[in-house]
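Understanding the architecture of this molecule
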Amino acid sequence: MSDVPFKNPGWAGNTGDFDLTEKEVRGEDFVGDRPKHGGHPSGSATMPYMLPETNPDARLFEGEYQERFEKILTRYPSKRAALLPALALAQELRGYVSPESMDRVAELLDLSPAYVRGVATFYTMYNKAPVGRHLVQVCTNISCNLCGADDVLTAFLEHTGTELGETSRDGNFTVIEAECLAGCGFPTCVQINSQYFENVTPTEVPKILAHLKGQGNG
Amino acid sequence: MAYPYVSDREVRIISKHFGDPTQRRLETYVERGGYAALRKALGMSPDEVVDTVKESGLRGRGGAGFPTGVKWSFMPKDTSKPHYLVCNADESEPGTFKDRELIRWDPHQLIEGCLIGAHAIRAQHVYIYCRGEFFETTQVLARAVEDAYAKGYVGKDIFGSGLDIDVTVHAGAGAYICGEETGLMNSLEGRRGQPRVKPPFPAAVGAFGMPSTINNVETLCTIPHIVANGGDWYRQYGTEKSPGTKLFCVSGHVNKPGNYELPLGFPLIELIEDVCGGVRDGNALKAVIPGGSSVPIINAEESRACALDYEGCVAVGTMLGCASVIVMDETTDIVKQVRRMVDFYAHESCGQCTPCREGSAWSAKMMKRIEDGRGTEEDLDTLMQVTQKMVGTTICVLSDSVAAPVQSSINKFRDEYLALVRRGERVGAA
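Residues numbered from 1 in each chain as written. Chains lettered and ligands numbered in written order. Predicted model: local features only at pLDDT ≥ 70, side-chain atom pairs only at ≥ 80, totals over all residues.

Let's shift gears to the overall build of chain B. Summing up its helical and strand segments, chain B has 18 helices and 11 strands in all. Against the globule reference of 22 Å for 430 residues, chain B gives a C-alpha radius of gyration of 22 Å, in line with a compact fold. Dimensions of chain B, computed from the C-alpha atoms along their principal axes, are close to 75 × 45 × 35 Å. With 430 residues in all, chain B has 59% of them scored as buried. Restricting the contact set of chain B to residue pairs at least 6 apart, pairs at least 24 apart contribute 70%. (Helix = DSSP H or I, 4+ residues; strand = E, 2+ residues; numbered from the N terminus. Rg over C-alpha atoms; globule rule 2.2 N^0.38 Å. Buried ≥ 20, exposed ≤ 12 C-beta atoms within 10 Å, placed from the backbone. Contact = placed C-beta atoms within 7 Å.)

A word on the interface of chain B and chain A. With 61 residues of chain B at the interface, the matching set in chain A holds 52 residues. Counting residues per element, the side of chain B that touches chain A draws most heavily on helix H7 (residues 135-150) of chain B, at 9 residues. Class assignment for the residues of the side of chain B that touches chain A results in 23 nonpolar, 23 polar and 15 charged. (Nonpolar A, V, L, I, M, F, W, Y, C, P; charged D, E, K, R; others polar.)

Residues and elements named next belong to chain B. Closest axis-to-axis distance for the helix H15 (residues 354-371)/helix H16 (residues 377-388) pair is 10 Å, and the angle between their directions is 160°. When the interaxial angle is binned, H15 and H16 end up roughly antiparallel. The handedness of the crossing between H15 and H16 comes out as left-handed. In contact with Gly359, Trp362, Ser363, Met366, Arg369 and Ile370 of H15, H16 contributes Asp379, Thr382, Leu383, Val386 and Thr387. (Axes fitted to C-alpha atoms, helices over the stretch in contact; angles between N-to-C directions. Parallel < 35°, antiparallel > 145°, perpendicular 65-115°, else oblique. Left-handed = near helix turned anticlockwise from the far one by under 90°.)

Residue and element names in this part refer to chain B. Counting buried positions along strand S4 (residues 212-216) yields 5 of 5 residues, so the element is predominantly enclosed. Burial of the side chains of S4 extends over both faces: Ser212, Ile214 and Asn216 are buried on one face and Thr213 and Asn215 on the other. Where strand S1 (residues 84-89) meets S4, 5 bridges bridge the pair, whose relative direction is parallel. Each residue of the ladder has a partner; that of leucine 85, found in S4, is threonine 213. (Pairing = 2+ DSSP bridges.)

Another point: the pairing of strand S6 (residues 258-263) of chain B. Residues and elements named next belong to chain B. For S6, the buried fraction is high: 5 of the 6 residues fall into the buried class. As judged from the 6 bridges shared by strand S5 (residues 245-252) and S6, these two strands associate in the antiparallel manner. Residue pairing across strands places phenylalanine 248 opposite tyrosine 260, the latter belonging to S6. Counting the residues between successive antiparallel strands, the hairpin from S5 to S6 contains 5 residues.

By size, the foremost hydrophobic cluster in this structure holds 190 residues, and its most contacted members are A:Leu83, B:Val86, B:Cys114, B:Ile128 and B:Leu271. With residues near it in sequence (within four places) discarded, B:Val86 still touches B:Tyr127, B:Tyr129, B:Leu184, B:Met185, B:Leu188, B:Ala207, B:Ser212 and B:Ile214. (Core = buried A, V, L, I, M, F, W, Y, C linked by C-beta atoms within 7 Å.)

This part takes up the domain arrangement of chain B. Residue and element names in this part refer to chain B. Segmenting chain B into domains produces domain 1 (21-235), domain 2 (245-329) and domain 3 (334-423). For domain 1 and domain 2, the distance between their C-alpha centroids amounts to 27 Å. With 13 residues of domain 1 at the contact, the number on the domain 2 side is 15 residues. Broken down by class, the residue content of the side of domain 1 that touches domain 2 amounts to 2 nonpolar, 5 polar and 6 charged. (Domains from an automatic or database assignment.)

The subject of this paragraph is the environment of B:Thr137. Residues and elements named next belong to chain B. The residue threonine 137 is located in helix H7 in this model. Residues threonine 137 and aspartate 99, spaced 38 residues apart in sequence, show a C-alpha to C-alpha distance of 9.6 Å. The residues contacting threonine 137, other than those within four sequence positions of it, are Arg100, Ile103, Arg104 and Cys130.

The subject of this paragraph is the confidence of the model for chain A. All names here are of chain A. Taken as a whole, chain A shows an average pLDDT of 75; of its residues, 72% reach a score of 70 or greater. Highest mean pLDDT in chain A belongs to helix H7 (residues 149-160) (96); lowest belongs to helix H1 (residues 22-26) (44). Scored below 50 in pLDDT, residues 1-52 shows 121 contacts in the model against residues more than four places distant or in partner chains. (pLDDT = per-residue confidence, 0-100.)

Residue and element names in this part refer to chain A. Strand order in the open sheet formed by 4 strands is S2-S1-S3-S4, with mixed pairing between adjacent strands. The open sheet is flanked by strand S2 (173-178) and strand S4 (195-197), the only strands paired with a single partner. Geometrically, the sheet is characterised by an average inter-axis angle of 25° between neighbouring strands, direction not taken into account. Taken together, the 6 bridges between strand S1 (residues 134-139) and S2 define a ladder with parallel strand orientation. In the sheet register, glutamine 137 faces S2, and the bridge partner there is isoleucine 176. Most of the contacts of H7 go to S1, to which it runs at about 155°, and overall it touches S1, S2 and strand S3 (190-192).

We now examine helix H9 (residues 217-229) of chain B. Given 3.6 residues per helical turn, the α-helix brings residues three or four places apart onto the same face. All names here are of chain B. With 11 of 13 residues buried, H9 is to be regarded as a mostly interior element. Along H9, the positions that sit buried rather than exposed are Val217, Glu218, Thr219, Leu220, Cys221, Thr222, Ile223, Pro224, His225, Ile226 and Val227. One or two steps after H9, the chain reaches glycine 230, where phi turns positive at roughly 95°.

Dropping the structure here:
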């Protein structure tokens, strides 16, 4: 297990304060830098890491993803309700929700493409354009802001060499401002892909970036 | 080492096992007496469960404070249509961080509460709507649900009672407004998360058009303890009108921020000074938001008189909301913080109702202008007028939530606004 160089009170396994490993807490299939199967099967939607779009013409869901999609369908009394999880699955697969992906999801769920776009654009978590391998979301809302979130955001922008909302030249990092991530007691709270980093201070930013690059995704 | 910070003033009922990751395991949970309350509840009739919860006086922990037992009793008794219990885990109110902790430290407590609630309202299916950003939380909960299915605590014929209850973990996709109950139901159904006009209320026409009840995570986590120990036991804590304990999420300028479970009616100033170790660096207290960003700000003087229960907060002109106490010390730039909150609401407005869509955007622009030192005194009056027209004129209360911080801060910290518009002077700026 990787040695994460910052304190994160709830993140079991990272600090050594807990007797369960990350693996034990979250199950075998959640561990690894790029879990192909995308996490635990009972989670209706997961987005562990962004995978690059390989072939946009391929069927949207195949193999494991098709199985997960079918499992999602069984959980709701209407097909429409599977829309949000299906879009999340598409994003996990392709890294973002492209207009083509939205059309495919519409076909799969018997919805009109316009309806699917209307829904997808309502929610902030669907990336409508490709983002970096690591999507860095810094909470700058009130509680984190009181404790210096602006400085953390500036540090991320400086160390990645990007502008707010832009992707760094090496394709590794996109840094954006996030609304409250519900980690107010552990400011500043930063979400990077699916992972929360809590109690982040500007001095820890280079360490976090180095850790991310060392994950094999960078 | 204890969970980030604990205090001996706390009464830890639902947060008892915070900081202990073994609690996530089903075996540990059962060893410590878990699922006994479910067994007991299944031996009772749904109406008996509702009556027990009514006796306890438990009030919904999502912010509105509506009595849970009463809410449950609105559900129709006839079961010709499917009933749904929806758990609201779309925690996104700035300042609130209790539901994420409740789920990831003690997922089975929530599942047990959901099952008891489902039995009480005669539901066969529970949807737990988790906020989309909560990947880790959703994974922990989903794993716990799988474990509970495997052992027969969830699913068909639970404990041989003949009752079938399914639990589904559903993840949202990033929209504050989906924390509003009807917005959440729209989102669950695969629509844009825009709130619905009430009536019809969810108990008549809710999720998927069927009778539904929506409860907050903290409310449902409390249910197993009430069923196990009885309504009177719960009433020994808190006040007559606000019984029980509540998780207080303290953030901002205190030495020990975190979640503290305290009896309702606890004095705000003791929470800050004693439980949380005082304001950081020995600074003076300037302002407090006691219930998350949607409630009015109170100044230091008012906070000394504030008791943390539903009535006590109203008495000083604010609300308890979801008890997210945001503490600000003397170095705080109030205008900047209010501007940040208004930006948030302008971003999160769903755009259905004109007063909210336009009003939040106008307010955000005016606040930015004032913060940049380009505002005028007239802007303050315009802000007051705009926000007054945003109160009570829309489908949901997001619009009112813009008005609360703007109006209360202009009323209480007018000097700071005036310093900015007259001389461009900012408090606490480097």
